[in-house]
Every structure is written in C-alpha cells, then in structure tokens.
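Okay, here's what each chain looks like letter by letter:
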Amino acid sequence: MVRKIRRSVCPYDCPDTCGLLVEVIDGRAVKVSGDPEHPFTRGTLCVKMNRYQDTVHSPHRLTHPLLRTVAKGSGEFRPISWEEAIDRIIERWQKIMDQYSSEAILPYSYAGTMGLIQRNAGHPFFYRLGASRLDRTICSPAKEAGWKVVMGETLAPHPDEVSESDLVILWGINAVATNIHFLHGVKKARQKEATIWYIDTYQTITSSVVDQTYIVRPGSDGALALGLMHLLIRNDLIDHDFLTTHVQGFEELKEKILPDFPPEKVSSLTGLPRKTLESMARVYGTAQNPFIRIGSGLSRYGNGAMTIRTIVCLPALVGAY
Ligand code: SF4
C-alpha cells in the first residue's frame, strides 16, 4: 500500500480559494482536508468540500459524452466517444457558420472554478473562431462597477482585518454557506465583544452566528443605506473632519438625502420598523471600526450597481474606511 499526501486547491467557484491536503492510497484519493499551512483555510474546509473524494469517485459522475437519443426532456441518452462528440460539434458548428457566420455562436460561461486556467482556457479558441464575445456580466461586474465608482482601483480591506472591528455587518452574504473562513476573523472580533449584524432578504443559517438579523425587502438594500445616512446626518453622527478632508460630494448628497429618505419612507421601502432604523444608525454611527462585508446577491437586481455604490459610500460618513 502506497500512501501519499498531495497538496491541491479547491476547484469550486468560491472566494475562499482553499488549500487542500489530499490523502491518496494506491493512486486513489481517500480523504480531503484543509491545509493547516494555508493562511486563509487554516486547516478547515466547508461542507461542500469535506468528503470531496466521494464526489470525485462517485459512480454518478459524468465522465464521458452522452448523446440525447429522443426528445429533449425525456432524459434518455447514450454514451458516445469523444471522437464522435467532437465530430458532431464540428459538423453542427460548421453548418451554423456557413449559413450565418461565426458570430452566430456565443460562448456562454463565467468563472466556473475561478481558476485562471480553467476560467480562461476557452477564450483564445473562441476568438480564433470569430465567435460573438460575451460581456461576462453574469456574476459580479455590477458589484465591481458600484465599488469602483466610489473607490477606484483601491482594493477591499484584507478579510482578517475584520477581527479588529467592533461592529461587523454581513450585508447580503450567507457567510456560513459561502464565506466560512471569513467568519474566523468575525469570531475573533466577537470574542472581543464586537456586535455582528446580518442583513439579508431571507433567514439563513448565518443568522445563528450573529447578534442581529435584519430582513429587508429584495432590492431595497440601497434604500436602507440611504436611510441610515439620513439618520447619521440628522443626528450628527458623522465624521466632519473625514468628510472635509477626504470626501467629495457630501453637500450634494446631504441635500438629496435629508428630504428624500426620512425613516418613514425608508421603513416602507425596506420593511424595517422606524425604531429599528434609528437604532441601527445609532450603533453604526457610534462604532469605532465598523466593517461591512458585502455579498453579491444584492447586486443582481436592476439597481444592483447603484446599491453597492450606495453601501460603499456609507463608511465615508463615519470615516470608517
Ligand atoms: S470554503 Fe469550501 S468551497 Fe470555498 S474554497 Fe474552501 S473548501 Fe472550497
């Protein structure tokens, strides 16, 4: 029996990008665990990756091409060879290109595993083919646009900095399911008596690791940020020095927010009671080092980029970048 431990990386579409230790016996993966030397993984994996060896060796895994044999939806296929699959694709695509041009073919994909090679390997092929180009906006570009319009090319803070915060806001992120390693720093902050909030449009398991969960109406996160700004300004919980020194456009913002986003209106937009909004603004405005971790779901509405832009402006009022 030959037993080896191999280093690998998690292949899932996930920002934690964990390092793996794979136990291999006689060429077969038998156990997958988190790499204790990987600084963000710290030896633990999420439930999606624990027992990944069972996924890799599952008899249900698709390991060869299948050809649909009857009408779509019937679920009936027969296995074919890779040669036959490639011949069929070439024949079909050639017909499309002859009849319409190469631009009638649109490669539709996004990050996949988030690995640079797997994510981008198809691009040169499709460029060469002359296929249509997809503005790959399926996942996070609206979020990036909202961030960049405020912060330019500035990177977000290092996730571990959260441990120095006294108020952590998980905004639209079910971190227990999708960003478990970030919670390591959140836990440390909580041990130092930080308050942890979770803002989302529905209850998730993340509620079980926070102090307060605020459920808002879908698409109303930007309104919540504007309502908090209104209360911060009205109750003078803003950092005047920071605003004067580092912020452009505050006066214009104030002129708009004070008449347009009073708590009554924000309450009806978000579904949060007025008293809750007031208490949120008070806690946020008096925190020393608030840290907002924004998820992606809230950027996937028609107002997504503006929602992110608005939330990213919030720390400017209290000087908390
Ligand atoms: S948290 Fe889970 S899915 Fe994400 S990189 Fe780590 S093991 Fe993979």
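Reading the values: rules and limits
- Residues numbered from 1 in each chain as written.
- Predicted model: local features only at pLDDT ≥ 70, side-chain atom pairs only at ≥ 80, totals over all residues.
- Heavy atoms only, no water.
- Helix = DSSP H or I, 4+ residues; strand = E, 2+ residues; numbered from the N terminus.
- Expected span 1.5 Å × (residues − 1).
- Near = heavy atom within 4 Å.
- Nonpolar A, V, L, I, M, F, W, Y, C, P; charged D, E, K, R; others polar.
- Domains from an automatic or database assignment.
- Contact = heavy atoms within 4.5 Å.
- Buried area = accessible area lost by both parts, 1.4 Å probe.
- Salt bridge = Lys/Arg side-chain N within 4 Å of Asp/Glu carboxyl O.
- Polar contact = N/O pair within 3.5 Å; in protein donor to acceptor, adjacent residues only side chain to side chain.
- Phe/Tyr/Trp six-rings, centres within 6.5 Å; stacked < 30°, edge-to-face > 60°.
- Buried < 20%, exposed > 50% of the residue type's maximum accessible area, 1.4 Å probe, protein only.
- Lys NZ or Arg CZ within 6 Å of the ring centre and 35° of its normal.
- Pairing = 2+ DSSP bridges.
- Axes fitted to C-alpha atoms, helices over the stretch in contact; angles between N-to-C directions.

Asks: I would appreciate a short explanation of helix α2 (residues 82-99) in the present structure.
Replies: Within an α-helix, residues lying three or four positions from one another point in the same direction, as the helix has 3.6 residues per turn. Helix length check: α2 (18 residues) gives 26 Å between terminal C-alpha atoms against 26 Å at 1.5 Å per residue, within 8%. Positioned one or two residues after α2, Ser101 has a phi angle of 115°, which is positive.

Asks: Just checking my understanding: could you explain the environment of Ile180 for this structure?
Replies: Here Ile180 lies in the loop between α6 (175-178) and α7 (182-191). Remark: the alpha-carbon pair of Ile180 and Gln94, spanning 86 residues in sequence, is separated by 46 Å.

Asks: Sorry, what's going on with the site of the ligand here?
Replies: Around the ligand sit Cys10, Tyr12, Cys14, Asp16, Thr17, Cys18, Leu45, Cys46, Met49 and His181, and those are all the residues in its vicinity. Per-class residue counts for the shell around the ligand are seven nonpolar, two polar and one charged.

Asks: Hey, could you run me through unusual backbone geometry in this one?
Replies: One non-glycine residue with positive phi stands out, namely Arg42, at about 50°. Its place among the elements puts Arg42 in the loop between β3 (28-34) and α1 (52-56). Even without a glycine there, the phi angle at Arg51 is positive, about 70°. Among the structural elements, Arg51 can be located in the loop between β3 and α1.

Asks: What exactly am I supposed to notice about the domain arrangement of the chain here?
Replies: Note on interface size: it is often stated as the accessible area lost on association of the parts. In terms of domains, the chain is made up of domain 1 (3-56), domain 2 (79-139) and domain 3 (141-318). Here domain 1 and domain 3 have C-alpha centroids that lie 33 Å from each other. If you look at the interface, domain 1 gives 11 residues, while domain 3 gives 10 residues. Ranking the residues of domain 1 by area buried against domain 3 places Asp16, Phe40 and Arg42 at the top, with a combined share of 64%. At the boundary of domain 1 and domain 3, one finds one salt bridge. One salt bridge connects Asp160 with Arg42, and the closest N-O pair in it is separated by 2.7 Å. Across the contact surface, domain 1 and domain 3 share seven residue pairs in polar contact (both at pLDDT 80 or more).

Asks: Any chance you could explain the packing of aromatic side chains here in plain terms?
Replies: The description of an aromatic ring pair uses the distance of the two centres, along with the angle that the planes make with each other. Under the defined criterion, the tally for this structure stands at seven aromatic pairs. Judged by centre distance (5.0 Å) and plane angle (70°), the ring pair of Phe125 and Phe126 falls under edge-to-face. On the accessibility criterion, Phe125 (44% relative accessible area) is partly exposed. Among the aromatic side chains, those forming a connected cluster through ring pairs are Trp93, Phe125 and Phe126. When the ring centre of Phe261 is taken as origin, the NZ or CZ atom of Lys265, which lies over that ring, is 4.9 Å away. Sitting above the plane of the Phe182 ring, Arg293 keeps its charged end 5.8 Å from the centroid.

Asks: Explanation requested: the sheet that holds strand β6 (residues 167-171) in the structure shown.
Replies: The pairing of strands in a sheet comes from backbone hydrogen bonds and takes either a parallel or an antiparallel form. The parallel open sheet is built from four strands, whose spatial order is β8-β7-β6-β9. Pairing within the sheet leaves two strands with one partner each, and these edge strands are β8 (212-215) and β9 (290-294). Going across the sheet, the axis of each strand differs from the next one's by a mean of 15°, ignoring polarity. Examined bridge by bridge, strand β7 (residues 195-200) and β8 share four bridges and lie parallel to one another. Bridge pairing in β8 places Ile199 opposite Tyr214. Contacts between helix α13 (residues 304-318) and the sheet are confined to β6 and β9, with β9 contributing the most and set at about 175° to the helix.

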